[in-house]
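The lines below spell out each chain.
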Amino acid sequence: LTPPHSSSLLLTPPHSSPLLLTPRLLFSSSPRPRPPPPLLPRLLVSLLLLVSSSSRLVSSPPLPSSPPSGLNTRRTHGRAKAFRPAPHCPPRLSAADEPAVNHRELRFRPAWKRGDGTEASGKILLQGGKGAVPGPEAGAFDKDGNAAERIKKMIERYQDQPELLDPHLEQIVAALVPYVTAPSKQKRPDGEGKEASNGDAALQCTAQQAWRVFYELCKTRGFKTVIGFLPHKVSDLEPVVRLLLAADQNDHKTWQTRYGLLLWLSLIVLIPFDLTSIDSGVEGNTSLTITLITIGKTYLKDAGPTRDAAAFFLARLFTRRDLHGLGHLGDLVKYACKKIHEPQTTIFEVSGLLQAISAILKLVQRKSLGDALPPITEAVIKRNSLLKGGSVVLRKLSIKVTQRATLALLPSRIAPWRYQRGHRLLKENLAMRHSDAGNDKAPDQNARRGDKGAKTSGRDPSEDFWEIPEEITEEAIEVLLQGLRDKDTIVRWSAAKGIGRITSRLPSDYGDDVVMAVLELLAPNERHTAWHGACLSVAELARRGLILPSRLPMVIPKFIKALEYDLRQGSHSIGAHVRDAACYVAWAFARAYAPSVMKPFVLLLAQSLLTVAVYDREINVRRAAAAAFQEHVGRQGNFPHGIVINTTADYFTLGSRKRAFTEISVFIAGFQEYENSLIDHLVRVKSRHWDKSMRELTAETLGLLTKHAADYLAETVVPSLCKRVIAGSDLAERHGACLAVAKVVEGLCASNESGSTAERRFLLADETRKQILSLVPSLLDSQYLLGKGGTIMREAICRLIFAIARYGLIKEKEYASSEGKHLMLDLCADMLRRNISYDNIPVQMGAVEAYEALLGRYFSRGGANSLSALPELFIKELSHHEVGSSAYKRRGCALALSSLPPKALEGCLHDVINVLAMSSNAMHESDPETRKAALESLCKVCERLQSSEGTAKSLANPVSELRKSRLLGHVVYDALISALRDYEIDRRGDVGSWVREAALNGLKIVVPILSSGKAFEASQKGLWNPKMGLTLVCGLLKQMVEKIARTRKVAGDAFEFLLTLTNSEDSKKLPTVHSLPSRAQLEKLLKLAVEKQQKIESSSAFGEYPSVQSVSSVDTKSESKNVVVLEETKTDWGKGEVTFPAIVEILQGTGEHQDELRRAIMSGIVLSAGSRTDHLVRSALGALQRWMQGCETHIDRVRLVGQDILWLFDRFRGERRVTRNLMRTLSSLLQEEVFSVLIEEGTLGEGARWGASIVKAVAKELGSTEDVNLLMAGGRVHLGILCFPGLARDLAVRKALEMLEHQFPKVRSVVAEEMYSQLVVLEGEFEDIEEEAYDEILESLSETPWVGKISTLFEPIDKLYKLFGLEVPERQIQPQSTKEENIPSEKNPSYLDLVKEMG
């Protein structure tokens, strides 16, 4: 079990939800708190109890920070050898000094039991000096505070749910007490002024770390909860005072100590004894009371949490009865009020003084305040200068002091005129409900008796005897109203609470005036801060019953406006916090008023809340509105269809904005009460929203709502939207209206086509149809398509033309010219042609889709023959790259060719397929997006021809001709397979993956056409052959094991689709794709992947929430709950832990083409195993390693992999993209000793020859490259081959020594370090080298400065050659006049020189 993560703690921003500050709103399906994790609290308790359990604990001598003088020794293969640290590595300990630690066991032990820098016995908090150290009296906490820091991190993880610490809090504080009290027991008055001993310093350090832990507890759980567990004896008072007097206030490292002491003192001063009776003269002649007040005043100037503790301490101090009447409180308040307005007073001191006054007003009894109130009202309320300052803290404290001082002046009674719903006792509530059901006059009788449940208005006679300080009260309320307009949320929130509390103490007339003053803030001329503050205040007033039912008709319309408040400012808007606060108002109404009071407003409230719940842009506002709606459903019980809507619009479903718009709102619109209100809000508000994505969602939702309100949308909404397209005031309004018209027309078309023939009817009136058609020429003639806003308007007009064509709004006899042309169609075609070549992908896609719909509807009609000339233009643009031709234009033409209907392909079929296939090749087309578009169009053309075959006689010839010429097999299929080898990389990354994924999706379309039953007729024999099946499987398997998870998923889905595809017309359900090599192994692969995924999902501790059936399918007439339907598990090929273990199982087989399949897999898996992504490397390399070592005869598998690695070096020579990762994979396999079975064959075995071949292949690949990563990967391979005997080792040593004199210092240093480590491991394997020579080799590698100049390295390198018994190579000495090797000149060095110098 893990504790709640601290990252989930949401700090309240200035515009945050006020619901976070109110009683929690619980959903029926809201996320529940996690189960209490007992692990860490128990661990924390055990740590602290471990420290305090014994009086004396002995700590081991600390580990030395540096090795002893002389060489360290170790034993390897029975002989003692000198052990030296690797270059640039920290020195190691000797065998005598290094503790024996089982690292494998240590890895699985709890952190506090490990021996990493602390005692292995578990004394994590005890690391002191040498010898025996007493427990609480010295060194209990480490000097550097590491133990306290570790405990701090454990406690911080509970900030989200601190109440989980409560069961263990007493034990934790009790364990800290011995350490925090130790200095107070040691310190004596006679020791003052003397120099502290070492023991006193250790005690102070221990106490300081303990106070740090105490502060973390207070910060997480709250100091009021924590301090209750501290001791509070009389004998503790003066020692704590003495410690505070001796503390250095300027020592910023020990502020937690002073903070804890002040809180501890605030608890001790509550002892029930007179302070004079226990005063022993801590400060000489100064009394203890004066000393305590002086301490508090001193720490009110601090800038940290000690200021808060001092304010709380002073408030607690003045609650003592023995201080009443002595004048100390009045003196402190006068001092504070004077200092507040002095210009030299720091902001920290002003804040501390205000905090102290606020705490005193809260805790001290009213009768004890005495003369303290007049100075406060004069300094804070009347002068009112703090609210104009720039500090938010001072403004908040000023508001708080104002409301508390006013409450102290007002009568201490709750207003009897307030509205109250129900009774305090459940028995009385049930009795009143029973009397209401049996007697209609019962409420009046209750009112005459004065019961709270029915008293809603009227003046109480006792109000005439209230004594209200009118002047001060009016000034205070004015200050609070000013605070409601403050720019910071915390100030507005404090002012709102203050208004609610003060109003509850006023007579009814005064209270009503306050309510009206608050409502005046909800005016159009007020700023958004005033709206937010007013909403918070209205909610507070409603919660306290201070807004009488007679005022609700005035309040609710203003509250409804607040629910829609959205003030646009530039490219964003302000108002989310206002709408959130308005939801809080609705929540307060649900709890404050009876159903009979809210009945006239039920429908309006329900419609408004649901509109916000499903259509608001912000997720917190949607959830807040749903919470308020649920509160009304539960407490009012009269919201229409409330229960079924609550079960649908819950916490999770409203979390997705798209789902809330397109699913939840459509479901709610099925109820007649909410249908028109949802549509009206979309049309009136959201269609002109400043956010483009919101306008698009609005249009999509309006199209979906046509199935509920088709008539209303066609007759009322569409005409109003058409007017706004042309006469709209801004771009957002025009764009939203145009999109909405298009989507509504599409929705009407879908609604019309979904019904039976008898039920279909043309919903749009003729006048509305003409109005829609007039939008196209109006937009073309206007300037709306130019400038920055022209892009989104082009996208909208393409969507409008698509809807016009889809719905068939253009009639044949309209818009016809005398020349036989159709003006409207030509206009639309010309517009689409320009948009197809536009430099924006969404515009191009929209234009192609509209062009396809236009051709499909009107190509064979009269007046549309002019459209047939466009394919020739597209083909010409793609086949001949004209001067000035842009990639956008070519991409648009490639996309446009996919929209041609089969009839249009009769005369240009071969040209279309050939030009698209050519454009998909990287040798002819440089733009990757154009290549992707060409592949997608190529597959769509083939799919359209296949689906149209047999539907008309005129379409049979093109398809037959296509097959006879074998264009599918020789052009289309080859283009798709060739695209799988597109690995182009630019600044955007692997852009070739876009092309490969398009090819993989295309294979799902083309391969079934090629391998269908008709293709195996006698006349078509050979169209799909085993060779094509082999290339298909090899390409799919290679893509399934490559680096990008998205590509692996697409390839896996294509593989699974083609492997499991069967012929539906065949009774035997034979597979559609024939001639696949090793089909049994491929089916086994699929089965293994499914089993692996099921195993992973079943073993996961916490799974995702099950998918729920779409809410649009729920019957809206019956208020039944949604049916939860679990989706069928689908193989996720993008997960490496699923894909790699399954695919490596087919590396060893007995099929005819097993070598080709294995090499295809290896060529892909080395890219993943050698990548820089850790989880991908673990999955790919781990699967390959487990397979190579997975059986007793694994030597055959190792040899196969070794042969494939040599083949890969030869096949991809010069392709750094592959060889770099191949070398990394090989070095990792060598490091894991996977090839150890080849080493055991000896110097004359196959392993030695293979190692030598690897060294030669790597050396040939490195050549004269300057790729540092490739060089380091190759160097690691050379060093890994050192474990092979014979010629392989000699070649590897020579190549490694050659890299020690490379021009890049980084390469030299890395190779030297890796070579040193490898030689240390393989010390016993170099039998032909004597021990002294071996020691010299290690010494030379570790002590030579390899980052220096190359000319200084020739001597140690030559020495290494001789020590290894190799011939020293001859070097060509560079003439002195040439430029020195990549060493930057001292004069004007460049960054390039630095890069070359450092490699």
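As the structure is a prediction and not an experimental result, all values here were calculated from the model.

Chemist: Where do I start with the overall build of the protein in this structure?
Modeler: Helix and strand content of the protein: 60 helices and six strands. Counting only residues that meet the buried cut, the protein has 52% of its 1399 residues in that class. For the protein, the accessible area works out to roughly 65600 Å², and carbon and sulfur atoms hold 51% of it.

Chemist: Explain the packing of helix H25 (residues 602–615) against helix H28 (residues 657–668) here, please?
Modeler: Two measures define how a pair of helices packs: the angle their axes make with one another and the distance between the axes. It is the contact of H25 with H28, at a shortest axis distance of 9 Å, that shows an interaxial angle of 155°. Viewed along their axes, H25 and H28 adopt a mutual orientation that is roughly antiparallel. In contact with Leu610, Val614 and Tyr615 of H25, H28 contributes Ala660, Phe661, Ile664, Ser665 and Ile668. The class makeup of the residues in the contact of H25 with H28 is seven nonpolar, one polar and no charged.

Chemist: Is there a simple way to explain the packing of aromatic side chains in this structure?
Modeler: Between two aromatic rings, the relevant description is the distance of the centres plus the angle of the planes. Enumeration according to the criterion identifies 21 aromatic pairs in this entry. Ring geometry for Phe223 versus Phe312: centroids 5.0 Å apart, planes at 75°, classification edge-to-face. Note that Phe223 is positioned in helix H6 (residues 223–226) and Phe312 in helix H10 (residues 305–317), a separation of 89 residues in sequence. The exposure class of Phe312 is buried, given its relative accessible area of 9%. Ring pairs connect the aromatic residues Tyr419, Phe559, Phe589 and Tyr593, which therefore count as one cluster. Against the face of Tyr651 rests Arg623, its NZ or CZ located 3.8 Å from the ring centre. In this structure, Arg734 packs its charged tip against the face of Tyr784, placed 4.0 Å from the ring centre.

Chemist: Quick question: what am I supposed to make of the environment of Ala853 here?
Modeler: Within the fold, Ala853 resides in helix H37 (residues 841–858). Separated by 47 residues in the primary sequence, Ala853 and Arg806 have C-alpha atoms spaced 6.0 Å apart. With sequence-adjacent residues up to four places away left out, Ala853 is seen in contact with Phe802 and Ala805.

Chemist: Looking at this structure, how should I read a nonpolar patch on the surface?
Modeler: Judged by side-chain polarity, Ile841, Met845 and Tyr888 come together as a nonpolar surface patch covering roughly 250 Å² of accessible area. Within the fold, Tyr888 resides in helix H39 (residues 887–897). A relative accessible area of 34% means that Tyr888 is categorised as partly exposed.

Chemist: Before we go on, may I ask you to explain the side chain of Glu540 in this structure?
Modeler: With respect to the element layout, Glu540 can be found in helix H21 (residues 528–543). We classify Glu540 as buried; its relative accessible area is 2%. Within polar-contact distance, the side chain of Glu540 engages the side chain of Tyr584 at 2.7 Å.

Chemist: Is there a simple way to explain the pattern of salt bridges in this structure?
Modeler: By the definition in use, this model includes 59 salt bridges. Across the pair Lys219 and Glu156 runs a salt bridge whose closest N-O atoms are separated by 3.4 Å. A residue pair is termed long-range when its members are at least 10 positions apart, and Lys219 in helix H5 (residues 198–221) and Glu156 in helix H3 (residues 146–156) qualify at 63 residues. Note on Glu156: relative accessible area 23%, which makes it partly exposed. Look at the salt bridges and you will find they share partners, linking Glu149, Lys152, Glu156, Arg212, Glu216 and Lys219 into a network.

Chemist: I keep staring at helix H50 (residues 1174–1188) and nothing clicks. Help me out?
Modeler: Along an α-helix, residues three or four positions apart point the same way, because every turn accommodates 3.6 residues. Across its 15 residues, H50 extends 21 Å between first and last C-alpha, which sits within 8% of the 21 Å expected from 1.5 Å per residue. Counting buried positions along H50 gives 11 out of 15 residues, so the element sits mostly inside the fold. The complete set of buried residues in H50 reads Leu1176, Val1177, Ser1179, Ala1180, Leu1181, Gly1182, Ala1183, Leu1184, Gln1185, Trp1187 and Met1188. In the core, the buried residues of H50 are packed alongside helix H46 (1045–1060), helix H48 (1136–1143), helix H49 (1154–1169), helix H51 (1194–1211) and helix H52 (1216–1231).

Chemist: For this particular structure, what's the right way to read the packing of helix H45 (residues 1026–1040) against H49?
Modeler: Running from N to C, H45 and H49 point in directions that differ by 25°, and their axes come no closer than 8 Å. Taken together, the axes of H45 and H49 lie roughly parallel to each other. Where H45 crosses over H49, the two elements pack in a sense that is right-handed. Across the interface between the two elements, Leu1030, Val1033, Cys1034, Leu1037 and Lys1038 from H45 touch Glu1156, Leu1157, Ala1160, Ile1161, Ser1163 and Gly1164 from H49. Residue composition of the contact of H45 with H49, by class: seven nonpolar, two polar and two charged.

Chemist: I would appreciate a short explanation of the confidence of the model for the protein in the present structure.
Modeler: Low pLDDT means the predicted coordinates in that region are not meant to be read closely. For the protein, mean pLDDT is 78; residues scoring 70 or higher make up 75% of the total. Contacts for the low-pLDDT stretch residues 755–760, under 50 throughout, to residues beyond four places or in other chains number three contacts. A low-confidence stretch, residues 1101–1128 stays under pLDDT 50, and its non-local contacts, those more than four residues away or across chains, total 32 contacts.

Chemist: Hey, could you run me through the environment of Cys722 in this one?
Modeler: Mapping Cys722 onto the fold places it in helix H31 (residues 706–727). By relative accessible area, Cys722 is classed as buried at 3%. In the structure, Cys722 is positioned 52 residues away from Ser774 in sequence and 9.2 Å away in space, judged by C-alpha atoms. What Cys722 contacts, discounting residues up to four positions off in sequence, is Val741, Gln771, Ile772 and Leu775.

Procedures and definitions
Residues numbered from 1 in each chain as written. Predicted model: local features only at pLDDT ≥ 70, side-chain atom pairs only at ≥ 80, totals over all residues. Heavy atoms only, no water. Helix = DSSP H or I, 4+ residues; strand = E, 2+ residues; numbered from the N terminus. Buried < 20%, exposed > 50% of the residue type's maximum accessible area, 1.4 Å probe, protein only. Areas by Shrake-Rupley, 256 points an atom, 1.4 Å probe, with all protein chains shown as cover. Axes fitted to C-alpha atoms, helices over the stretch in contact; angles between N-to-C directions. Parallel < 35°, antiparallel > 145°, perpendicular 65-115°, else oblique. Contact = heavy atoms within 4.5 Å. Nonpolar A, V, L, I, M, F, W, Y, C, P; charged D, E, K, R; others polar. Phe/Tyr/Trp six-rings, centres within 6.5 Å; stacked < 30°, edge-to-face > 60°. Lys NZ or Arg CZ within 6 Å of the ring centre and 35° of its normal. Patch = residues over 30% accessible without salt bridge, like charges linked within 9 Å, V, L, I, M, F, W, Y side chains within 5 Å. Salt bridge = Lys/Arg side-chain N within 4 Å of Asp/Glu carboxyl O. Polar contact = N/O pair within 3.5 Å; in protein donor to acceptor, adjacent residues only side chain to side chain. Expected span 1.5 Å × (residues − 1). Left-handed = near helix turned anticlockwise from the far one by under 90°. pLDDT = per-residue confidence, 0-100.

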